[in-house]
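Chain by chain, the residues:
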Amino acid sequence: MSALAAAHGAINLGQGFPDADGPDALLDTAVAAIRRGDNQYPPGRGVPELLQAVADHEERWWSQSYDPEGEILVTAGATEAIAATVLGLCEPGDEVLTFEPYYDSYAAAIELSGARRRVVTLRSPHWGFDPEELAAAVSPATRLLLLNSPHNPTGKVFALPELEYVARLCIEHDLIAVTDEVYEHLVFEGVHVPLSSLPGMRERTLKISSAGKTFSATGWKIGWVMGPARLVEAVRSVKQFLTYASGTPFQYAVAAALALEDDYFAAAAGQLQARRDRLCDGLSHLGWKLARPQATYFAVVDIRQFGEHDGRSFCRALVADPGVAAIPTEVFYDDKEAGRPLVRFAFCKRPEVIDEALRRLGRLELRRDG
Ligand SMILES: Cc1ncc(COP(=O)(O)O)c(C=O)c1O
């Protein structure tokens, strides 16, 4: 969609990347590290400064302790952490249970491992799940439960009772939980609770995050995974042959950014919340109905309100005229029918870009009786 957006000169509210740089502490530390000559392979687990910074960050924000020497591994973004985790822990015949819509790399990683994907659908408008359906989706072959909260594309923050239910299932069926928390700091409403912080979960959870979203540096691909040493070791054994290691100067920079004052994190979430409101208010003003996401970079619109049913053709038309790119969420679903009428807009963009997108969308002639 980004390529189509560029071809049509469209405003790109498709792919989730910010259009402004992150904090000076991040950028300056990277430049200094490059100039200092920190440009060769880092240690396979990550530079000690970043391992320590991740451990300190976990303690500070989520009151959880991890040993930087064996319980944390730096990866090439959360994407590598997810792939190496699934490949390291699953074999053909295993099942991985997750929710849909899901981040699309989950499906690819599960398929590469030879495992099977079982999905439970989150239903709008609150994106809740049916607890019985989730329990019924666990089988003797289930190895991992993969949970993304705060959630892309719905912007849902899983509530404590939902997490407690998931935790109970994991414990009862001896599952390993893998949590994708890349939007942990971009929460506007609700409270993010790491699944690993619930009783009995730390010892069975691999927790994944990344610097890309929090520090507006999605192109740096610095992520990490943490958990019990035996599980992290399984991930490392795969990561070693995917990338071995990456991004030495960026690892130093992310270490510096993770240590920024609380004010930075509050301001980043506040600025994004204002952009969410700008987009959602603007669309409401145009007569669009949509729920305000609790977190992340994204808002989802159900196009059935316009008498439309196919997000792919809606997005293809939108990018050409009036020139706004969005993503059909069908790609995030196994149940294509559930995903087909939903379209995702990213609001992690400068206010003038959001305003221009709204101006263009205002030119659309849409039915309002769908
Ligand atoms: C839910 C989710 N997980 C993982 C990623 C990938 O993170 P990274 O860029 O650090 O690989 C993304 C990026 O959009 C995401 O939305």
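Here the residue numbers are simple positions, counted from 1 along each chain's written sequence. At least 70 in pLDDT is required for a residue's local features to be given in this predicted model, at least 80 for side-chain atom pairs to be given and counted, and no such filter applies to totals for whole chains, interfaces and linings, which use all residues. To obtain the side-chain values, all non-hydrogen atoms of the structure were included, while hydrogens and water were left out.

> How should the nonpolar core be read in this particular structure?
Looking at soluble globular proteins, one finds that nonpolar side chains tend to be buried together. Core analysis: the biggest nonpolar cluster contains 61 residues, and Leu 144, Leu 279, Trp 288, Phe 314 and Phe 345 have the highest contact counts within it. Each helix corresponds to a stretch of at least 4 residues labelled H or I by DSSP, and each strand to a stretch of at least 2 residues labelled E; elements are numbered beginning at the N terminus. The dominant element in this core, judged by the number of residues it contributes, is helix α4 (residues 77–89), at 7 residues. Note on contacts: a residue pair qualifies if any of its non-hydrogen atoms lie within 4.5 Å across the two residues. In contact with Leu 144, other than residues within four places in its own chain, are Val 86, Leu 89, Cys 90, Glu 95, Val 96, Leu 97, Ile 176 and Val 178. Here, nonpolar core refers to any group of buried Ala, Val, Leu, Ile, Met, Phe, Trp, Tyr and Cys residues whose side-chain atoms link them within 4.5 Å. Relative accessible area decides the class of each residue, using a 1.4 Å probe on protein chains only: under 20% of the type maximum gives buried, over 50% gives exposed, and in between gives partly exposed. Grouped together as the second largest cluster of nonpolar side chains are 29 residues, Ala 30, Tyr 66, Trp 224 and Met 226 included.

> Is there a simple way to think about the packing of α4 against helix α9 (residues 229–242) in this case?
Helix packing for two helices is described by the angle between their axes and how far apart those axes are. Where α4 meets α9, the axes come as close as 8 Å, and the angle between the chain directions of the two elements is 110°. Looking at the two axes, α4 sits roughly perpendicular to α9. Of the two possible hands of crossing, α4 and α9 adopt the one that is right-handed. Every residue of α9 that contacts α4 at Glu 80, Ala 81, Ala 84, Thr 85, Leu 87, Gly 88 and Leu 89 is listed here: Leu 231, Ala 234, Val 235, Val 238, Lys 239 and Leu 242. Class assignment for the residues of the contact of α4 with α9 results in 9 nonpolar, 2 polar and 2 charged. To obtain each axis, a line is fitted to C-alpha atoms, and for helices this fit is confined to the stretch in contact; angles are then taken between N-to-C directions over 0 to 180 degrees. Here roughly perpendicular refers to angles of 65 to 115 degrees, roughly parallel to angles under 35, roughly antiparallel to angles over 145, and oblique to all remaining angles. Note on convention: the crossing is left-handed when the near helix lies turned anticlockwise from the far helix by less than a right angle, right-handed when the turn is clockwise. Each residue gets one of three labels, nonpolar for Ala, Val, Leu, Ile, Met, Phe, Trp, Tyr, Cys and Pro, charged for Asp, Glu, Lys and Arg, and polar for the others, Gly among them.

> Even after reading the chapter, I still don't get the site of the ligand, so can you show me in this structure?
Think of it this way: one heavy atom of a residue within 4 Å of a molecule or strand is enough to make that residue near it. The ligand sits among Gly 77, Ala 78, Thr 79, Tyr 103, Asn 148, Asn 152, Asp 180, Val 182, Tyr 183, Ser 210, Lys 213 and Lys 221. Within the backbone of Ala 78, an N or O atom sits 2.8 Å from an oxygen atom of the ligand. Contacts to the ligand include Asn 152, whose side-chain N or O atom sits 2.8 Å from an oxygen atom. Calculation on the ligand without its partners gives an accessible area of 400 Å², and the protein chains cover 94% of this total. The term polar contact refers here to a pair of N or O atoms within 3.5 Å; inside protein, the definition further demands a hydrogen-donor-capable atom paired with an acceptor-capable atom, and it admits residues adjacent in sequence only when both atoms are side-chain atoms. Note that accessible areas follow from Shrake-Rupley with a 1.4 Å probe, and for residues the cover is restricted to the protein chains shown.

> Can you walk me through the sheet that holds strand β6 (residues 176–180) in this structure?
Through backbone hydrogen bonds, the strands of a sheet pair up, either in parallel or in antiparallel fashion. Taken together, the 7 strands give an open sheet; going across it, the order is β2-β8-β7-β6-β5-β3-β4, and neighbouring strands pair in mixed fashion. Only two strands of the sheet have a single neighbouring strand rather than two, namely β2 (72–76) and β4 (116–121). Within this sheet the neighbouring strands show an average axis-to-axis angle of 20°, counted without direction. Only strands that DSSP links by at least two bridges are regarded as paired with each other. Where strand β3 (residues 95–100) and β4 come together, 6 bridges link them in parallel fashion. Bridging from a neighbouring strand, Glu 100 pairs with Thr 121 of β4. Across the sheet, helix α3 (residues 48–62) is in contact with β2, β7 (205–210) and β8 (222–226); its angle to β2 comes to roughly 110°. In the packing of α4 onto the sheet, contacts are made with β2, β5 (142–148), β6, β7 and β8, and the angle to β7 comes to roughly 160°.

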